[in-house]
Amino acid sequence: EQKRNGRNGISIYDGKLQAEYLRQLRLKDRLIKAISEYKIQVYYQPIIDIETGKVCKFEALTRWFDEEEGYISPVIFIEIAEKYGLIGDLGKIVFDKACCDLAGMRQQGFTDICISINRSVREFSNCDQKYIYDIIERYNLPFDKIMIEITESAALDEGNNILELLSEFSQKGISIAIDDFGTGYSSMSAIIANKPNVIKIDRSFIIDIEHSVESQILVSLVMDMSRKLNLDVVAEGVESEAQVRILSKMGCHYIQGFYFSPAVEIEQAMRLLEQNEVCTIPAYV
Ligand code: C2E
Ligand code: MG
Ligand code: MG
Ligand code: MG
């Protein structure tokens, strides 16, 4: 009897898991279709230089609007893409579109702008990297206007020659950013070994920076380390004027977040540049 109850308990749980699993499978099939039809989009979120208030970079963020399910978060579909071996093809589309759009910006005269592109560990381990150089060259882009974002955990992932690849990228002139900094179980030495150019402080430390002493400590440690290692620091998820003020006091020169703009379509990104849209930076107190 007891066994049966136990079984029943498990079967309810199984039911939920199964529904979730079926949804994943359905999404996977739709994702395969979207990828093959090149329907995966790329949006651009501006990164602002606090000193000038101007856009200096855009982070490319992938977007998928499924005909049936509507908007699906990249957090969900990137995981599916990784699980089912689609991340290579997805990453190629994103890289190609982002480079194409950067070339468009350069044609309009915005030649200082950089593009920052996310890459997951799986893309490093399973995919041929050569297409990256091909695409950059095909669009005639300077390598130093391209930045690759990897998470801390990717930076720590040993055994699949990420370190080698990153140093190859660096030698070509591509910048490396450590994304979501502060959230991984990082060893400083492993992070530093990647010789990153940029550290992006995770949104979770910015969200409460006004009131949390812990977050303030983390940010100021990152600032100290970055000055010594000559790295740029970007604060992610900046939403308020008060956050900008405190970050700029702490010496953080680059901000990204809804305070200025979410990720937008290329047309809108271009408009921000053309209209010379400037982010209001509160004066120091
Ligand atoms: P991420 O690389 O850390 O990107 C920043 C995320 O924070 C983006 O979410 C962005 O929309 C969001 N964000 C930016 N400013 C704010 C803010 O002020 N407030 C709030 N609440 N959120 C803000 P998104 O676009 O949903 O992307 C989520 C994650 O999915 C990314 O985190 C990245 O890890 C992954 N991702 C997105 N695009 C790609 C891609 O092309 N390739 C890979 N491998 N991963 C990607
Ligand atoms: Mg990122
Ligand atoms: Mg991030
Ligand atoms: Mg993140």
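What counts and what doesn't
Residues numbered from 1 in each chain as written. Chains lettered and ligands numbered in written order. Predicted model: local features only at pLDDT ≥ 70, side-chain atom pairs only at ≥ 80, totals over all residues. Heavy atoms only, no water. Helix = DSSP H or I, 4+ residues; strand = E, 2+ residues; numbered from the N terminus. Rg over C-alpha atoms; globule rule 2.2 N^0.38 Å. Buried < 20%, exposed > 50% of the residue type's maximum accessible area, 1.4 Å probe, protein only. Contact = heavy atoms within 4.5 Å. Areas by Shrake-Rupley, 256 points an atom, 1.4 Å probe, with all protein chains shown as cover. Lys, Arg positive; Asp, Glu negative; His and termini not counted. Charge placed at Lys NZ, Arg CZ, Asp CG, Glu CD. Patch = residues over 30% accessible without salt bridge, like charges linked within 9 Å, V, L, I, M, F, W, Y side chains within 5 Å. Salt bridge = Lys/Arg side-chain N within 4 Å of Asp/Glu carboxyl O. Pairing = 2+ DSSP bridges. Polar contact = N/O pair within 3.5 Å; in protein donor to acceptor, adjacent residues only side chain to side chain. Donors = N, O, S within 2.8 Å, 3.2 Å for Na, K, Ca; no water. pLDDT = per-residue confidence, 0-100. Near = heavy atom within 4 Å. Nonpolar A, V, L, I, M, F, W, Y, C, P; charged D, E, K, R; others polar. Axes fitted to C-alpha atoms, helices over the stretch in contact; angles between N-to-C directions. Parallel < 35°, antiparallel > 145°, perpendicular 65-115°, else oblique. Left-handed = near helix turned anticlockwise from the far one by under 90°.

(A) Examining the overall build of the protein more closely. What the protein contains, in helices and strands, is 12 helices and 9 strands. Taken against the 2.2 N^0.38 rule, which gives 19 Å for 285 residues, the C-alpha radius of gyration of the protein at 21 Å falls within 12% of a compact globule. Referenced to the eigenvectors of the C-alpha coordinate spread, the extents of the protein come out at roughly 70 × 45 × 40 Å. Burial statistics for the protein: of 285 residues in total, 47% are counted as buried. The long-range share in the protein, meaning contacts at least 24 apart out of those at least 6 apart in sequence, stands at 68%. Carbon together with sulfur atoms contributes 50% to the accessible area of the protein, which is approximately 14800 Å² in total. Of the charged side chains in the protein, 31 are positive and 44 negative; the average position of the first set lies 4 Å away from that of the second.

(B) Representation of a nonpolar patch on the surface within the structure. Residues Met-188, Ile-192 and Leu-229 make up a contiguous nonpolar surface patch of about 240 Å² in total accessible area. Residue class for Met-188 comes out partly exposed when judged on its relative accessible area of 45%.

(C) The arrangement of the pairing of strand 1 (residues 41-49) in detail. Counting buried positions over the 9 residues of strand 1 gives 8, a clear majority of the element. Pairing between strand 1 and strand 2 (residues 54-66): 9 bridges, direction antiparallel. Note that in strand 2 the partner of Asp-49 across the bridge is Lys-54. Linkage of strand 1 to strand 2, two consecutive antiparallel strands, is achieved through a turn of 4 residues, within which Gly-53 is found at a positive phi near 75 degrees. Pairing of strand 1 with strand 9 (residues 254-255) involves 2 bridges; the strand directions are antiparallel.

(D) Structural view of the side chain of Thr-62. Structurally, the position occupied by Thr-62 is in strand 2. Of the polar contacts made by the side chain of Thr-62, one reaches the backbone oxygen of Gln-41; its length is 3.3 Å.

(E) Region of interest: the coordination of the magnesium ion (ligand 2). Protein coordination at the magnesium ion (ligand 2): the donors are Glu-59 (OE), Asn-118 (OD1), Glu-149 (OE) and Asp-179 (OD), at 2.0 to 2.2 Å from the metal. All donor residues of the magnesium ion (ligand 2) come from one chain, and their arrangement in sequence is E-x58-N-x30-E-x29-D. Separation of the magnesium ion (ligand 2) from the magnesium ion (ligand 3) amounts to 4.0 Å, with Asp-179 serving as a shared donor to the pair. On the criterion of sequence distance, the pair formed by Glu-59 in strand 2 and Asn-118 in strand 4 (residues 114-118) is long-range, its members being 59 residues apart. According to the relative accessible area criterion, Glu-59 is buried, its value standing at 3%.

(F) Expanded view of the confidence of the model for the protein. For the protein, per-residue confidence averages 90 on the pLDDT scale, and residues scoring 70 or more make up 91% of the total. Every residue in residues 1-5 is under pLDDT 50, and counting partners more than four places away or in other chains gives 0 contacts. The ipTM assigned to the predicted complex is 0.98, against a pTM of 0.93.

(G) Just the site of ligand 1, in detail. Lining the immediate surroundings of ligand 1 are 23 residues, of which Arg-63, Asp-179, Asp-180, Glu-239 and Phe-258 lie closest. Separating a nitrogen atom of ligand 1 from a side-chain N or O atom of Gln-45 is a distance of 3.0 Å. At the level of secondary structure, the elements contributing two or more residues to the shell around ligand 1 comprise strand 2, helix 2 (74-83) and strand 6 (175-181). Here the shell around ligand 1 takes 4 residues from strand 2, the largest share from any one element. Looking at the shell around ligand 1 residue by residue, the class counts come to 7 nonpolar, 6 polar and 10 charged.

(H) Spotlight on the packing of helix 3 (residues 87-107) against helix 12 (residues 266-274). Packing of helix 3 against helix 12 leaves a shortest axis separation of 11 Å and a crossing angle of 30 degrees. Looking at the two axes, helix 3 sits roughly parallel to helix 12. Relative to helix 12, helix 3 is oriented so that their crossing is right-handed. Together, Asp-101, Gly-104 and Met-105 of helix 3 and Ile-266, Ala-269, Met-270 and Leu-273 of helix 12 make up the contact between the two elements. Its residues assigned to classes, the contact of helix 3 with helix 12 shows 5 nonpolar, 1 polar and 1 charged.

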